[in-house]
Amino acid sequence: MQTTNTYLGLLRERGKRGLPLTRVYRQLFNKHLYLTAYGKIYRNAGATTKGINAETVDAMSLEKIDTIIEALRTERYQWKPARRVYILKRNGKKRPLGLPVWSDKLLAEVIRLILNAYYDVQFSDHAHGFREGRGCHTALQEIYHTWGSATWIIEGDISDCFGSLPHNLILSVLSEKIHDGRFLHLMKKLLDAGYLEDWKFNRTLRGVPQGSIVSPILSNILLDKLDTFVETMLIPQYTRGAKRKLNQEYVKLHRQMHKLLRNGQKEAALKVRKQLQKLPSHLRDRNRKQRTLSGNWEGFYVRNWAWASPTKRHSLPTHAAKPPISWDTKSPRCKTIPSKAGQKLALSAEVLTGKWDYVFHEPS
């Protein structure tokens, strides 16, 4: 049998080259993978937490690994239902958590090692969630070092992500690159294992097991499709040039200011500079398609008022017990309020910051 580093290195190389995987199931007979998996999870706080039986890391032995491998070799391994408990979230709500038995944890970590080695090298460089060596710190570093400016900042949250992923889509995505029926069948049994709540069995018709070691990599494999769609379809479709067009009036005054300074006319140059400060240096695209803003802000709705002149803008979040709202940013029915200067305040969603969860979509 190959050592863990050798096999995982081969998987990474195949992943980089986009080659499919075959005969993955037989690698589950490799004892080296179980020893590596044990070294990664035996320190976890949940290693001594019981599932539906008394089996924990304390009962770990080489004979336990041999028992798992023998059951897999004869295709008789059965995933046990997880014990369902609830933990408090920051907002006061409760999150369901499944507590699997130790044998399932160990085998799930072996599967995670295999899937992570093969798929992680194929994920987008802009994806930072549930990846080794990545997280909030690397996402912030990317923003700090590579972002210039942004017109739109969209923050989204997939409600009940782990619990909402369809089983058929997960298995379909896995089967695209893993050509091994026995391995896929084992994954299907994992997804269908169910859970016990108050010692009552419940089937899991969709979603990945909450609390399972393998759940984060499965969700990343499926959500990588979304990353690919955004990077290959949405961004090229809606990116309009590398830079905005310069405001020619601004350019003309800017040149005039420098010419006055070279001629020693400082007072006249200062007057021109004050005019420059009232003008945008770049033009905004006035021919944007109409967009609809809709979403649920958990008790907040956004009143985002923008001056008709592009030089002064501000937004105002307001707390109110209102249902989710939607509006057209370019609608002729857009509410306007006259200001003291005779200009008009128009409802706009152009300068939203990322403090609320919302979704942008083209109107049908």
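Residues numbered from 1 in each chain as written. Predicted model: local features only at pLDDT ≥ 70, side-chain atom pairs only at ≥ 80, totals over all residues. Heavy atoms only, no water.

Draft legend 1. Quick peek at the overall build of the protein chain. If you tally the helices and strands in the protein chain, you get 11 helices and 14 strands. For the protein chain, the proportion of its 364 residues judged to be buried stands at 37%. Counting contacts in the protein chain only where the partners sit at least 6 residues apart, residues at least 24 apart contribute 72% of the total. As displayed, the protein chain offers around 22900 Å² of accessible surface, 53% of which is attributable to carbon and sulfur atoms. (Helix = DSSP H or I, 4+ residues; strand = E, 2+ residues; numbered from the N terminus. Buried < 20%, exposed > 50% of the residue type's maximum accessible area, 1.4 Å probe, protein only. Contact = heavy atoms within 4.5 Å. Areas by Shrake-Rupley, 256 points an atom, 1.4 Å probe, with all protein chains shown as cover.)

Draft legend 2. Spatial organisation of the pattern of salt bridges. In total, this model carries eight salt bridges according to the counting rule given. The salt bridge involving Arg182 is made with Glu75; its shortest N-O contact spans 3.4 Å. Here Arg182 is found in helix α8 (residues 181–191), whereas its partner Glu75 is found in the loop between α3 (62–73) and β2 (82–88), with 107 residues between them in sequence. Glu75 sits in the partly exposed class, given a relative accessible area of 45%. Residue Glu109 pairs with Arg112 through a salt bridge whose shortest N-O separation is 3.0 Å. Of the two residues, Glu109 and Arg112 are both situated in helix α4 (residues 102–119); the distance of three residues between them amounts to about one turn of the helix. What makes Arg112 buried here is its relative accessible area of 14%. (Salt bridge = Lys/Arg side-chain N within 4 Å of Asp/Glu carboxyl O.)

Draft legend 3. Looking closely at the packing of α3 against α4. Here α3 crosses α4 at 70 degrees, and the two axes come no closer than 11 Å. In this view, α3 runs roughly perpendicular relative to α4, as classed from their interaxial angle. Residue-level inspection shows Lys64, Ile65, Ile68 and Leu72 of α3 in contact with α4, the latter providing Ser103, Leu106 and Leu107. Of the residues contributing to the contact of α3 with α4, the split by class is five nonpolar, one polar and one charged. (Axes fitted to C-alpha atoms, helices over the stretch in contact; angles between N-to-C directions. Parallel < 35°, antiparallel > 145°, perpendicular 65-115°, else oblique. Nonpolar A, V, L, I, M, F, W, Y, C, P; charged D, E, K, R; others polar.)

Draft legend 4. The arrangement of the layout of surface pockets in detail. In this structure, the second largest pocket occupies an estimated 440 Å³ of space. Residue lining of the second largest pocket: 28 residues in total, with Arg84, Thr204, Val208, Pro209 and Gln210 positioned closest to the centre. Only β2, β3 (94–99), α4 and α8 provide two or more residues apiece to the lining of the second largest pocket. Examining the composition of the lining of the second largest pocket, we find that three residues originate from one element, α4, more than from any other. Here the residues of the lining of the second largest pocket sort into 13 nonpolar, eight polar and seven charged. (1 Å grid on protein atoms, 1.4 Å probe; cavity = no way out; pocket = protein on both sides within 12 Å on 5 of 7 lines; lining within 4 Å. Points joined across faces, edges and corners; volume = space filled by probe spheres on them.)

Draft legend 5. Focus on α3. Here α3 contains 12 residues, and its C-alpha end-to-end distance of 16 Å stays within 8% of the 16 Å for a straight helix at 1.5 Å per residue. By the burial criterion, the buried members of α3 are Lys64, Ile65, Ile68, Ile69, Ala71 and Leu72. Along the axis of α3, the buried residues cluster in a sector spanning 160 degrees; they form a single face. Across from the buried face of α3, at angles greater than 90 degrees, the exposed residues are Glu63 and Thr67. (Expected span 1.5 Å × (residues − 1). Arc of directions from axis to C-beta.)

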